[in-house]
Amino acid sequence: MTDNPAATNDVAVSLRARINTSQPHTARIWNYWLGGKDNYEVDRAAGDQIRQLHPGIGEYARADRLFLGRAVRHLVEEAGIRQFLDVGTGLPTADNTHEVAQRIAPESRIVYVDNDPLVLAHARALLTSTPEGRTDYLDEDLRNVDAILEHASKTLDFSEPVALILLGVVIFIGEDDEAYGLVRTLMDRLPAGSHLVLSHTVTHPSMPDVDEAVKFWNEHGTPKLTQRTPTDVTRFFDGFQLLEPGVVSCSRWRPEHDNGAEPEEVAMFGGVARKD
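Conventions and cut-offs
Residues numbered from 1 in each chain as written. Predicted model: local features only at pLDDT ≥ 70, side-chain atom pairs only at ≥ 80, totals over all residues. Heavy atoms only, no water. Core = buried A, V, L, I, M, F, W, Y, C linked by side-chain atoms within 4.5 Å. Buried < 20%, exposed > 50% of the residue type's maximum accessible area, 1.4 Å probe, protein only. Helix = DSSP H or I, 4+ residues; strand = E, 2+ residues; numbered from the N terminus. Contact = heavy atoms within 4.5 Å. Pairing = 2+ DSSP bridges. Right-handed = clockwise from strand over helix to strand, strands pointing away. Polar contact = N/O pair within 3.5 Å; in protein donor to acceptor, adjacent residues only side chain to side chain. 1 Å grid on protein atoms, 1.4 Å probe; cavity = no way out; pocket = protein on both sides within 12 Å on 5 of 7 lines; lining within 4 Å. Points joined across faces, edges and corners; volume = space filled by probe spheres on them. Nonpolar A, V, L, I, M, F, W, Y, C, P; charged D, E, K, R; others polar. Salt bridge = Lys/Arg side-chain N within 4 Å of Asp/Glu carboxyl O.

A. Inspection of the nonpolar core at higher detail. Counting 84 residues, the largest nonpolar core has Phe84, Leu85, Leu142, Leu164, Leu166, Leu196 and Leu198 as the members making the most contacts within it. Tallying contributions element by element places helix α4 (residues 57-77) first for this core, with ten residues. Setting aside chain neighbours within four positions, we find Phe84 in contact with Val72, Leu75, Val76, Thr97, Ala101, Arg109, Ile110, Val111, Leu156, Val162, Ala163 and Ile165.

Given below as structure tokens:
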């Protein structure tokens, strides 16, 4: 079972004290777009306003979630990965990383990392594990690489390959040097055979309404977002073996359909790469 004990009253009180319900928060809006209930009126209002600016925004959340499932299934079934470090987890929903991985390989080990108090509160209650595997959760920031790896090493064996999952999280790192450096530092600390799974919102001339939605968010919400071009997103994979079809719209990364039609493109691009 999970190493996380049931939340104590003191922990629950402490987490609730950290939750700001007066300002919309990206994790809760994402949850709202996915049809979840772990959000507040301020999040739903902001989510609706963003959706007016960019009606397809809800599809990003769904495309990103489906991309996660397909990537994890590939890593477990085809690459033999049994360890996952999922940073920037977001609010738990259906088919979380550990559920997808342990459904195929019950012995899989997963460490989730997030620093949002609402995410943490729900993680303690919802993230469990198979008896054969292990699941843990860290209250930590992406920037604190040493702390993440130190605590994750209690669950993961860093002498064996690990899949580093960074879905929609480096968008919160504004400086390019810092963003690329953090991803590189994390991957440098992982052994050969490890994989990087990363997604990022993009700015593109064909999607001007995305820029308007991000501008609105950065004026009203927290944390602030940084858009990058598809070429910029591809740079995160420099030096690694990028798997086909490369860095593409999350909806078009190995889609599971049988009608021959290409899925609609969304402004959330992602890719999977192997460290040799």
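Don't stop here, the text continues.
B. Focus on the environment of Trp30. Along the polypeptide, Trp30 turns up in helix α2 (residues 26-33). For Trp30, a relative accessible area of 23% gives the class partly exposed. Through-space distance from the C-alpha of Trp30 to that of Gly90 is 8.3 Å; in sequence the pair is 60 residues apart.

C. Expanded view of the pairing of strand β5 (residues 195-201). Here β5 lies mainly inside the structure; seven of its seven residues are buried. Burial along β5 is two-sided: the residues His195, Val197, Ser199 and Thr201 and Leu196, Leu198 and His200 are all buried. When strand β4 (residues 163-167) meets β5, the two strands line up parallel, connected through five bridges. The residue of β5 that forms the bridge with Leu167 is Ser199. The parallel pair β4 and β5, bridged by helix α8 (residues 176-188), forms a crossover whose chirality is right-handed. Of the pairings in the sheet, the one linking β5 to strand β8 (residues 268-274) comprises seven bridges and is antiparallel in character. Bridge pairing links Ser199 to Gly270 in β8.

D. Region of the structure containing the pairing of strand β2 (residues 109-114). Where burial is concerned, most of β2 is hidden: five out of the six residues are buried. Between strand β1 (residues 83-87) and its parallel partner β2, the chain crosses via helix α5 (residues 97-104), and the hand of that crossover is right-handed. The pairing of β2 with strand β3 (residues 134-139) spans six bridges and is classified as parallel. The residue bridging Val111 from the neighbouring strand is Asp136, located in β3.

E. Inspection of the environment of Arg184 at higher detail. Structurally, Arg184 can be placed in helix α8. For the pair Arg184 and Gly239, spaced 55 residues apart in sequence, the C-alpha to C-alpha distance is 9.4 Å. The residues contacting Arg184, other than those within four sequence positions of it, are Asp238, Gly239 and Phe240. A distance of 2.3 Å separates a polar side-chain atom of Arg184 from the backbone oxygen of Asp238.

F. Representation of the layout of surface pockets. Of the voids in this model, the second largest pocket is the one considered here, and its volume is about 340 Å³. Lining of the second largest pocket is provided by 18 residues; of these, Glu59, Ala63, Ser251, Glu264 and Val266 occupy positions nearest its centre. Of the residues that constitute the lining of the second largest pocket, the class distribution is eight nonpolar, four polar and six charged.

G. Main features of the pattern of salt bridges. Taken as a whole and judged by the stated rule, the model has 13 salt bridges. When the shortest N-O distance is used, the salt bridge between Glu256 and Arg73 registers 2.9 Å. With Glu256 in the loop between β7 (248-249) and β8 and Arg73 in helix α4, this pair connects stretches of sequence that are 183 residues apart. The salt bridge partner of Arg274 is Asp276, with a shortest N-O separation of 2.6 Å. In this structure, a network of salt bridges that share partners links the residues Asp141, Arg143 and Glu178.

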